[in-house]
Amino acid sequence: FFHNNLFSSYYCNIFHKISKGAWNVMTYIFFLVILFLWLISGILFPFDSLFYYSLNLPKFTPPSILFAIIWPILYFLLTLSFFIILKKDKVNRHYLFAYILNYILNQSFSLFFFYQKNLILTFYDIILLLFSIIYLLKETKKVNKISFYLLFPYLLWTIFATILFGTIYFIN
């Protein structure tokens, strides 16, 4: 699907049009739309404190408020990283595939964990998410170093989240 030249040409042309010129109102609106898309799973599948605190949690579990602070920051960095590449007219089908794959796996976590309360699916999802971040980093590095470095906090936090969730999965 993503390797179809018609598909990638169509979306790369849209990105090309947005990337031309200064940051105008439409660019800011598009930026906010992309940022909102990252935040959508938290709206559709919000933190379920009754479910979360009914689980056995490891001693190194941070306070839940930390998640509400860190994830929006990481989503902002993901969006900014994308827009730097967009503004430099460097979006290609491999990068776009990596970004969309990562988005889907990231959003699936809240669906599987807070909505479906399915620990096994969530565990598999976060493992795949971690690999998709590595893939996204690889593709991002090819097109822009600044965007690449903006993704490191996301990688580091997801490594921690994978360890945390893996522990939650195995003790429950």
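Notes on the structure follow.

About the cut-offs
- Residues numbered from 1 in each chain as written.
- Predicted model: local features only at pLDDT ≥ 70, side-chain atom pairs only at ≥ 80, totals over all residues.
- Heavy atoms only, no water.
- Helix = DSSP H or I, 4+ residues; strand = E, 2+ residues; numbered from the N terminus.
- Buried < 20%, exposed > 50% of the residue type's maximum accessible area, 1.4 Å probe, protein only.
- Contact = heavy atoms within 4.5 Å.
- Areas by Shrake-Rupley, 256 points an atom, 1.4 Å probe, with all protein chains shown as cover.
- Axes fitted to C-alpha atoms, helices over the stretch in contact; angles between N-to-C directions.
- Nonpolar A, V, L, I, M, F, W, Y, C, P; charged D, E, K, R; others polar.
- Phe/Tyr/Trp six-rings, centres within 6.5 Å; stacked < 30°, edge-to-face > 60°.
- Parallel < 35°, antiparallel > 145°, perpendicular 65-115°, else oblique.
- Left-handed = near helix turned anticlockwise from the far one by under 90°.
- Expected span 1.5 Å × (residues − 1).
- Bend = angle between axes of the 7 residues up to and from the residue.
- Salt bridge = Lys/Arg side-chain N within 4 Å of Asp/Glu carboxyl O.

## Observations regarding the overall build of the protein chain
- Counting secondary structure elements, the protein chain contains eight helices and zero strands.
- If you list the helices and strands of the protein chain from N to C, you get α-α-α-α-α-α-α-α.
- For the protein chain, the residues scored as buried account for 46% of the 172 residues in total.
- Of all intrachain contacts in the protein chain linking residues separated by at least 6 positions in sequence, the fraction that spans at least 24 positions is 79%.
- When the accessible area of the protein chain is evaluated, it comes to approximately 9500 Å², of which 73% is carbon and sulfur surface.

## Topic: the packing of helix H2 (residues 25-44) against helix H5 (residues 93-115)
- Here H2 crosses H5 at 35 degrees, and the two axes come no closer than 7 Å. Every residue of H5 that contacts H2 at Ile34, Leu37, Trp38, Ile40 and Ser41 is listed here: Tyr99, Asn102, Tyr103, Asn106, Gln107 and Ser110.
- Split into classes, the residues belonging to the contact of H2 with H5 amount to six nonpolar, five polar and no charged.

## Describing the packing of aromatic side chains
- Scanning the entire structure with this criterion turns up 34 aromatic pairs.
- Geometrically, the ring pair formed by Tyr95 and Tyr99 is tilted, given 5.9 Å between the ring centres and 35 degrees between the ring planes. With a gap of four residues between them, Tyr95 and Tyr99 both fall in helix H5, about one helical turn apart.
- The buried category is assigned to Tyr95, whose relative accessible area is 0%.
- Between Phe123 and Phe170, the ring centres sit 5.4 Å apart and the planes meet at 75 degrees, which makes this aromatic pair edge-to-face.

## A word on unusual backbone geometry
- Here the phi dihedral of Lys117 falls at roughly 55 degrees; this positive angle occurs in a residue that is not glycine.
- Here Lys117 shows up in the loop between H5 and helix H6 (119-143).

## Topic: the packing of H2 against helix H4 (residues 64-87)
- Viewed as axis vectors pointing N to C, H2 and H4 meet at an angle of 140 degrees, and their least axial separation amounts to 9 Å. When the axis of H2 is compared with that of H4, the two are oblique. Handedness of the H2/H4 crossing: right-handed. Contacts between H2 and H4 involve Thr27, Phe30, Phe31, Ile34, Leu35, Trp38 and Leu39 from the former and Pro72, Tyr75, Phe76, Leu78, Thr79, Leu80, Phe82, Phe83, Leu86 and Lys87 from the latter.
- Classifying every residue of the contact of H2 with H4 by side-chain character gives 14 nonpolar, two polar and one charged.

## Focus on H2
- The first and last C-alpha atoms of H2 sit 27 Å apart over 20 residues, in line with the 28 Å expected at 1.5 Å per residue.
- Along H2, the largest kink reaches about 40 degrees and is centred on Trp38.
- Those residues of H2 lying buried are Thr27, Phe31, Ile34, Leu35, Trp38, Ile40 and Ser41.

## As for the pattern of salt bridges
- Within this structure, the stated rule accounts for three salt bridges.
- Lys117 serves as the salt-bridge partner of Asp48, at 2.8 Å between the closest nitrogen and oxygen. Within this pair, whereas Asp48 is found in the loop between H2 and helix H3 (49-54), its partner Lys117 is found in the loop between H5 and H6, the two being separated by 69 residues in sequence.
- Owing to a relative accessible area of 36%, Lys117 belongs among the partly exposed residues under this scheme.
- Residues Lys138 and Glu139 are paired through a salt bridge, measuring 3.6 Å at the closest nitrogen-oxygen approach.
- We classify Lys138 as partly exposed; its relative accessible area is 48%.
- By relative accessible area, Glu139 is classed as buried at 5%.
- Among the charged side chains, a salt-bridge network with shared partners connects Lys138, Glu139 and Lys142.

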